[in-house]
Amino acid sequence: MNRLRSNGSCGSQLGLRAGRALPAEQTADAETLIDQAWDLWEEGACKRAFAKLEQVPSSGRDDMAYLALMSMVCEKLKMHRRRLSVARLLVAADPSIDIHWVVLGHAARQVRGGRAAVRIWHEALRKEPLFALVRWNLAHHYCALGRLRVAREQLKIALYLDPQLIAAAMDEPGFEPIWETIAEADPPPPEEGEEWKGCD
């Protein structure tokens, strides 16, 4: 089963519990505990889900479903430092997934401030300039700071890379100062300048 849940960040989502591959030597207990934690999470029993995740043996804590759920549970419970540690493990486990970098950036922002998030997102774009969700979150951050030119650049590239984000961007109040960028019909590809590299 594929479970899709918002992680509470600007336009970002985590695709979870899909394609999970537990090591052959890992006990069935870990998988069962993770599944039970998911059920509790979906019932809204966040603290009980956390308690269940804490029972997962160390051999099961590198599982992607465990890490993704623990990240969301820690966010809900405002366990920011724990979430940051989990987010680092998510990126280490698979740095090719843009939402892992988004989660890491938001976790870092809660602990170390906005500059830490920006550094992480720029690092992600140096590794992979085509991360649309990372650019979305950079645009949102810069828009909140009033840096509208940079916000427009990043959002324009994000929408070019993933046109499915256009509707969501039009519904995002944080983008109101640059809605005209979103409203452009069929925008041409942005020029490949420094902004494509994620450089400030």
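On a predicted model such as this, the values are computed, not experimentally measured, just so you know. (Residues numbered from 1 in each chain as written. Predicted model: local features only at pLDDT ≥ 70, side-chain atom pairs only at ≥ 80, totals over all residues. Heavy atoms only, no water.)

Chemist: Can you walk me through a positive patch on the surface in this structure?
Modeler: Together, R81, R88, R112, R115 and R119 line one region of the surface with positive charge. Secondary-structure elements contributing two or more residues to the positive patch are α4 (80–93) and α6 (114–127). You can see R112 is positioned in helix α5 (residues 98–112). (Patch = residues over 30% accessible without salt bridge, like charges linked within 9 Å, V, L, I, M, F, W, Y side chains within 5 Å. Areas by Shrake-Rupley, 256 points an atom, 1.4 Å probe, with all protein chains shown as cover. Salt bridge = Lys/Arg side-chain N within 4 Å of Asp/Glu carboxyl O. Lys, Arg positive; Asp, Glu negative; His and termini not counted. Charge placed at Lys NZ, Arg CZ, Asp CG, Glu CD. Helix = DSSP H or I, 4+ residues; strand = E, 2+ residues; numbered from the N terminus.)

Chemist: Got a minute to help me understand the packing of α5 against α6 in this structure?
Modeler: Working note: a packed helix pair is described by the angle between its axes plus the distance between those axes. Between α5 and α6, whose axes approach to 6 Å, the crossing angle comes to 160°. Relative to α6, the element α5 is oriented roughly antiparallel. Where α5 crosses over α6, the handedness of that crossing is right-handed. Note on element contacts: α6 touches α5 through G114, A116, A117, I120, W121, E123, A124 and K127, opposite W101, V102, L104, G105, H106, A108, R109 and R112. Here the residues of the contact of α5 with α6 are counted per class, giving nine nonpolar, three polar and four charged. (Axes fitted to C-alpha atoms, helices over the stretch in contact; angles between N-to-C directions. Parallel < 35°, antiparallel > 145°, perpendicular 65-115°, else oblique. Left-handed = near helix turned anticlockwise from the far one by under 90°. Contact = heavy atoms within 4.5 Å. Nonpolar A, V, L, I, M, F, W, Y, C, P; charged D, E, K, R; others polar.)

Chemist: Sorry if this is basic, but what is going on with the confidence of the model for the chain here?
Modeler: Low-confidence regions, as indicated by low pLDDT, have predicted coordinates that should not be scrutinised in detail. Here the chain shows a mean pLDDT of 84. Residues at 70 or above account for 78%. Counting contacts from residues 15–19, a segment whose pLDDT is below 50, to residues more than four positions away or on other chains yields 18 contacts. (pLDDT = per-residue confidence, 0-100.)

Chemist: How should I be thinking about the pattern of salt bridges in this particular structure?
Modeler: Pairing of side chains with opposite charge becomes possible as their charged atoms draw close. Evaluated as defined, the whole model comprises four salt bridges. Of the charged contacts, one joins E153 and R149 as a salt bridge, the two residues approaching to 2.6 Å between their closest N and O atoms. On the criterion of helical spacing, the pair formed by E153 and R149 is a turn pair, its members being four residues apart in helix α8 (residues 148–161). Overall, E153 belongs to the partly exposed group, its relative accessible area being 23%. R149 sits in the exposed class, given a relative accessible area of 54%. (Buried < 20%, exposed > 50% of the residue type's maximum accessible area, 1.4 Å probe, protein only.)

Chemist: Quick question: what am I supposed to make of α8 here?
Modeler: In this model α8 runs 20 Å from its N-terminal to its C-terminal C-alpha over 14 residues, within 8% of the 20 Å that 1.5 Å per residue would give. Those residues of α8 lying buried are V150, A151, Q154, L155, I157, A158 and L159. In this structure, the buried residues of α8 make contact with α6, α7 (132–144), α9 (165–170) and α10 (179–183). (Expected span 1.5 Å × (residues − 1).)

Chemist: How do you make sense of the packing of aromatic side chains when you look at a structure like this?
Modeler: What the rule picks out here adds up to one aromatic pair. Residues W136 and F175 carry aromatic rings whose centres are separated by 5.1 Å and whose planes lie at 80° to one another, so their mutual orientation is edge-to-face. Of the two residues, W136 sits in helix α7 while F175 sits in the loop between α9 and α10, which places them 39 residues apart along the sequence. Just as W136 is buried, F175 falls in that class too. (Phe/Tyr/Trp six-rings, centres within 6.5 Å; stacked < 30°, edge-to-face > 60°.)

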